[in-house]
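Inside the fold
These are the residues of each chain, in order.
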Amino acid sequence: MSIVLKNVTKKIGRNMIINDVSCNIENGSITGFKGINGSGKTMLLRLISGLIYPTSGTVEIDKKILGKDIAFPESIGIMLENPSFINSYSGYDNLRMLADIKGLIDEDRICEVMDLVGLKENGNKKYRKFSLGMKQRLGIAAAIMEKPGIILLDEPTNALDESGVKLLTEIIIAERNRGATIILSSHDAQFLNKTSNRIIEISNGKITNERNNYDI
Amino acid sequence: MSLIKFIRFDIKNGIMRRLYVYLVYSLFIVVSVWFFQGKLHSYEIEKYSIGDCLLFLYGGAKEYVPKTGEVFEMPYLWLVNHLLILYFTLNYTDNDLTGFGQQLIYRSGGRVIWWLSKCIWNIIMVSGFYIIGIIITLLLGINNAEFTLDISEHISYVVNFGDQLKQNHTQKIALEILLLPILYSVAISLLQMSLTLLFKPIFSYIVSSSICLSSAYKLTPILIGNFSMAARNDKIVNNGVSSALGIISFSIIIILSVIIGVLIIRKCNILNKE
């Protein structure tokens, strides 16, 4: 799925969060948004997800304008910073509840994804007992389990140890190879260099630099 | 995603997993009924009807007319009942929208369906409080209450209707003592819920509780809480408000709250709690 941002501006109150951002994100690519905290990366992901709409400009998903033609991208998996789940449910039950909405996947796929992100052993543990790293892994599992066309991962390396980051990198590459369009936001340059075809630097809500990563 | 799935989720997470709120409310009702029975006892009245008890719980107080020697009589039970219900229905929607609900919304592909489900949750949740109120009233009245919604002659000793009491005030007033308080709770709670889409829940609560408080203080159809007080209804007192106008007002607020919510949710920013 292709994503096109045209002169996207987002103001919240008097604060200009995103300032006239335009970019094309190709189908089946991995794009990394790089920037410091508060640069506007998370807000850009929220704009692409349809959870917020631009003050001006448009976000197009496969030529359909978000907020006009469609409310949300038709096939999307999102993990925004600090993913929220239901504390009193197990990790597995949280995923099952989410999967039940679309009814696209069965229990075997949920188990497969739990295994993929390294949570198989802890699948029946209550979410409230999860460590930060486990919560992050569950967020990643929720984002990829339905094999969506677009995957948005906001600071996915947060709270992950070295082996977790390695696993995440493998998952992201595998999802890209499956054909998903992936957008990452991170302040971790090394992680973005290892995963992203294209790295877009954001500062104060503006694109300040953009480069292709030919190592990928 | 079908609306049914959302409603199922909300019943499970917004009601079944929050049954403690009904427990707290039950305690309030039990204490209130005991208080009512104690008051009857002090007047040496042995028998009462379920209607009497519900009137005591939900009926409010007589109109306050500021004049020398007249002391404002706060309808405490009426007020606590509505403030409790408003408080217990305050945070669920906001917590869902700023948390787990975000994952449901984008997966469902629509924002409006999420809102409609929350409206239905709200109606079920509020009705639940009154169902519990009725059940407890029935259980605590097994020994000495008549199971009828008619109100007794002697109830005017317990509920002070003031000097405007009508001669035939013991007529059937089931609508006034039960349906109107429920409709008011649903209307004000939905209004509060739609405001939480725009403001922080605490501000919505201030608005809704201000409507309740000001309704207690002044008898006017503009302050809609008056319609929910049987003690200010024109079937019981001479200068009361009409039930029909109450039903119309509450229905308008319910419909408007749902529509306003739809308009807001279609455009609002869905952000994390920060």
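What comes next is a walk through the structure. (Residues numbered from 1 in each chain as written. Chains lettered and ligands numbered in written order. Predicted model: local features only at pLDDT ≥ 70, side-chain atom pairs only at ≥ 80, totals over all residues. Heavy atoms only, no water.)

So, about empty space enclosed by the protein. A full pass over the atoms with the stated rule returns two cavities of 30 Å³ or more. By volume, the largest cavity is sized at about 140 Å³. Every residue lining the largest cavity is counted, 15 residues in all, and those nearest its centre are Leu 80, Pro 83 and Ser 84 of chain A together with Gln 102 and Gln 103 of chain B. Counting only elements with at least two residues in the lining of the largest cavity, the list comes to β6 (76-79) of chain A together with α6 (101-108) of chain B. The element best represented in the lining of the largest cavity is α6 of chain B, accounting for three residues. Looking at the lining of the largest cavity residue by residue, the classes come out as six nonpolar, seven polar and two charged. Those elements giving two or more residues to the lining of the second largest cavity turn out to be α4 (132-144) and α5 (162-178) of chain A. Among the elements that make up the lining of the second largest cavity, the one with the highest residue count is α5 of chain A (four residues). Its residues assigned to classes, the lining of the second largest cavity comprises six nonpolar, one polar and one charged. (1 Å grid on protein atoms, 1.4 Å probe; cavity = no way out; pocket = protein on both sides within 12 Å on 5 of 7 lines; lining within 4 Å. Points joined across faces, edges and corners; volume = space filled by probe spheres on them. Helix = DSSP H or I, 4+ residues; strand = E, 2+ residues; numbered from the N terminus. Nonpolar A, V, L, I, M, F, W, Y, C, P; charged D, E, K, R; others polar.)

The next point concerns the pairing of strand β3 (residues 30-34) of chain A. Residue and element names in this part refer to chain A. Most of β3 is tucked away, with four of its five residues classed as buried. Alignment of β3 against strand β8 (residues 181-186), held across five bridges, turns out to be parallel. What sits directly across from Thr 31, in β8, is Ile 183. Here four bridges tie β3 to strand β9 (residues 198-203), and the two strands are oriented parallel to one another. Its bridge partner being in β9, Lys 34 is matched across the sheet by Glu 201. (Buried < 20%, exposed > 50% of the residue type's maximum accessible area, 1.4 Å probe, protein only. Pairing = 2+ DSSP bridges.)

What follows deals with a positive patch on the surface. Taken together, the side chains of Lys 125, Lys 126, Arg 128 and Lys 129 of chain A together with Lys 12 and Arg 17 of chain B make up a positively charged region of the molecular surface. Along the chain, the position of Lys 129 of chain A falls in the loop between α3 (107-116) and α4. Among the residues examined, Lys 129 of chain A registers a relative accessible area of 56% and is labelled exposed. (Patch = residues over 30% accessible without salt bridge, like charges linked within 9 Å, V, L, I, M, F, W, Y side chains within 5 Å. Areas by Shrake-Rupley, 256 points an atom, 1.4 Å probe, with all protein chains shown as cover. Salt bridge = Lys/Arg side-chain N within 4 Å of Asp/Glu carboxyl O. Lys, Arg positive; Asp, Glu negative; His and termini not counted. Charge placed at Lys NZ, Arg CZ, Asp CG, Glu CD.)

Further remarks concern the packing of helix α4 (residues 76-88) of chain B against helix α10 (residues 201-217) of chain B. All names here are of chain B. Two elements in contact, α4 and α10, have axes whose closest approach is 10 Å; the angle formed by their N-to-C orientations is 165°. Classified by the angle their axes make, α4 and α10 are roughly antiparallel. Of the two elements, α4 crosses α10, and the hand of that crossing is right-handed. Facing Trp 78, Leu 79, His 82, Leu 83, Leu 86 and Tyr 87 of α4, the residues of α10 in contact are Tyr 205, Ser 208, Ser 209, Cys 212, Leu 213, Ser 215 and Ala 216. In terms of residue class, the contact of α4 with α10 is made up of nine nonpolar, four polar and no charged. (Axes fitted to C-alpha atoms, helices over the stretch in contact; angles between N-to-C directions. Parallel < 35°, antiparallel > 145°, perpendicular 65-115°, else oblique. Left-handed = near helix turned anticlockwise from the far one by under 90°. Contact = heavy atoms within 4.5 Å.)

In this structure, Leu 5, Phe 33 and Ile 61 of chain A together with Tyr 25 of chain B are the most contacted members of the largest nonpolar core, which totals 152 residues. With eleven residues, the single largest contributor to this core is helix α9 (residues 174-196) of chain B. Residues contacting Tyr 25 of chain B, with those up to four places away along its chain left out, are Tyr 58, Asn 81, Leu 84, Ile 85, Phe 88, Phe 129, Ile 132 and Gly 133 of chain B. (Core = buried A, V, L, I, M, F, W, Y, C linked by side-chain atoms within 4.5 Å.)

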